[in-house]
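Architecture at a glance
Given next are the chains, with one letter for each unit.
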Amino acid sequence: VWVNQQSTLNFPQNIASADRTLSLFGEAYFEVAPQKDRPFIIELNGAKVEVLGTAFNVRSYPNRPEIEVTVSHGKVRFTSVETQKSWELTANDQIVFNRQSGAEKLRKDNNLWALAWQTNELNFDRTPLSIALPVMERYYNITITFDNPQIANCNFTGNFKGETAAEALAVLARSFDLELQNPSD
């Protein structure tokens, strides 16, 4: 288990002898071996994830209405506590569940951007900037704005592994002939 910053993972003191039920507030990446007689369950605020032997990421911060589960390989079952509706997710599947409205979005995440905090890598393949920029904002904890909103329709292909925010933004600037401005300047 890898737990991201500003996250809390609660588990029984002796998890080896107890059932494997945890509670998560924030974000964590799990690699879990299946044990049919001892299911691995992660309780979230308004949902739960039952692990069926897999590696996956869960993002469930208390101050955000969305719960995100992204499976890198294997299989999990995501269940809404309120509606008891459930979804089985396999490799590259992602669910974004709004715990307030109950709305869900299922999609393929072939680039596994949700795992960037854990892998330290962002991959974009002909990805519209309207999608790539929010991923970069979350990863680098920055805000990116453009004077020309049409730039959001442009596609970007690139890989960032260990680059700083300034280095990644410089690549975008060169790729699209943009001028960077720091609002604090």
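What comes next is a walk through the structure.

**Let's talk about the overall build of the chain**
Secondary structure assignment for the chain yields three helices and eleven strands. In the chain, the order of α-helices and β-strands from amino to carboxyl end is β-β-β-β-β-β-β-β-β-α-β-α-β-α. Structurally, the chain occupies a C-alpha span of about 60 × 30 × 30 Å along its principal axes. Looking at the chain as a whole, 39% of its 185 residues are labelled buried. Within the chain, counting contacts between residues at least 6 apart in sequence, those at least 24 apart form 42% of the total. If you sum the accessible surface of the chain, you get close to 10600 Å²; carbon and sulfur atoms cover 47% of it. Seen as two clouds, the 17 positive and the 22 negative side-chain charges of the chain have centres 8 Å apart.

**Side note on helix H3 (residues 165-176)**
Over its twelve residues, H3 runs 17 Å from end to end, which matches the ideal 16 Å to within 8%, given 1.5 Å per residue. Listed in full, the buried residues belonging to H3 are Ala165, Ala168, Leu172, Ala173 and Phe176. The arc that holds every buried residue of H3, seen down its axis, measures 145 degrees, which confines them to one face. Counted as exposed and oriented over 90 degrees from the buried face of H3: Ala166 and Arg174.

**Here we look at the packing of helix H2 (residues 129-140) against H3**
Contact geometry for H2 and H3: axes closest at 11 Å, N-to-C directions at 160 degrees. In terms of orientation, H2 lies roughly antiparallel with respect to H3. Two packed elements cross with a definite hand, and for H2 against H3 that hand is left-handed. For the pair H2 and H3, the contacting residues are Leu129, Leu133, Met136 and Tyr140 in the first and Ala165, Ala168, Leu172 and Phe176 in the second. The class makeup of the residues in the contact of H2 with H3 is eight nonpolar, no polar and no charged.

**Regarding H2**
For H2, spanning twelve residues, the distance from its first C-alpha to its last is 15 Å, which sits close to the expected 16 Å at 1.5 Å a residue. Of all the residues in H2, the buried ones are Leu129, Ala132, Leu133, Val135, Met136 and Tyr140. Mapping the buried residues of H2 onto a view down its axis gives an arc of 165 degrees, with all of them on the same face. The inward-facing, buried residues of H2 abut strand S10 (121-128), strand S11 (155-161) and H3.

**Considering the side chain of Ser80**
Along the chain, the position of Ser80 falls in strand S6 (residues 66-80). Take Ser80: its relative accessible area is 1%, and that puts it in the buried class. Polar contacts involving the side chain of Ser80 include one to the side chain of Thr83, which spans 3.1 Å. Here Ser80 is in contact with Gly46, Ala47, Lys85, Trp87 and Phe97, once residues within four sequence places are set aside.

**Remarks on the packing of aromatic side chains**
Evaluated as defined, the whole model comprises eleven aromatic pairs. On the numbers, 5.1 Å between centres and 15 degrees between planes, the contact of Phe30 with Phe56 is stacked. Note that Phe30 is positioned in strand S3 (residues 20-32) and Phe56 in strand S5 (residues 47-60), a separation of 26 residues in sequence. Like Phe30, the residue Phe56 is buried in the burial classification.

Reading the values: the criteria
Residues numbered from 1 in each chain as written. Predicted model: local features only at pLDDT ≥ 70, side-chain atom pairs only at ≥ 80, totals over all residues. Heavy atoms only, no water. Helix = DSSP H or I, 4+ residues; strand = E, 2+ residues; numbered from the N terminus. Buried < 20%, exposed > 50% of the residue type's maximum accessible area, 1.4 Å probe, protein only. Contact = heavy atoms within 4.5 Å. Areas by Shrake-Rupley, 256 points an atom, 1.4 Å probe, with all protein chains shown as cover. Lys, Arg positive; Asp, Glu negative; His and termini not counted. Charge placed at Lys NZ, Arg CZ, Asp CG, Glu CD. Expected span 1.5 Å × (residues − 1). Arc of directions from axis to C-beta. Axes fitted to C-alpha atoms, helices over the stretch in contact; angles between N-to-C directions. Parallel < 35°, antiparallel > 145°, perpendicular 65-115°, else oblique. Left-handed = near helix turned anticlockwise from the far one by under 90°. Nonpolar A, V, L, I, M, F, W, Y, C, P; charged D, E, K, R; others polar. Polar contact = N/O pair within 3.5 Å; in protein donor to acceptor, adjacent residues only side chain to side chain. Phe/Tyr/Trp six-rings, centres within 6.5 Å; stacked < 30°, edge-to-face > 60°.

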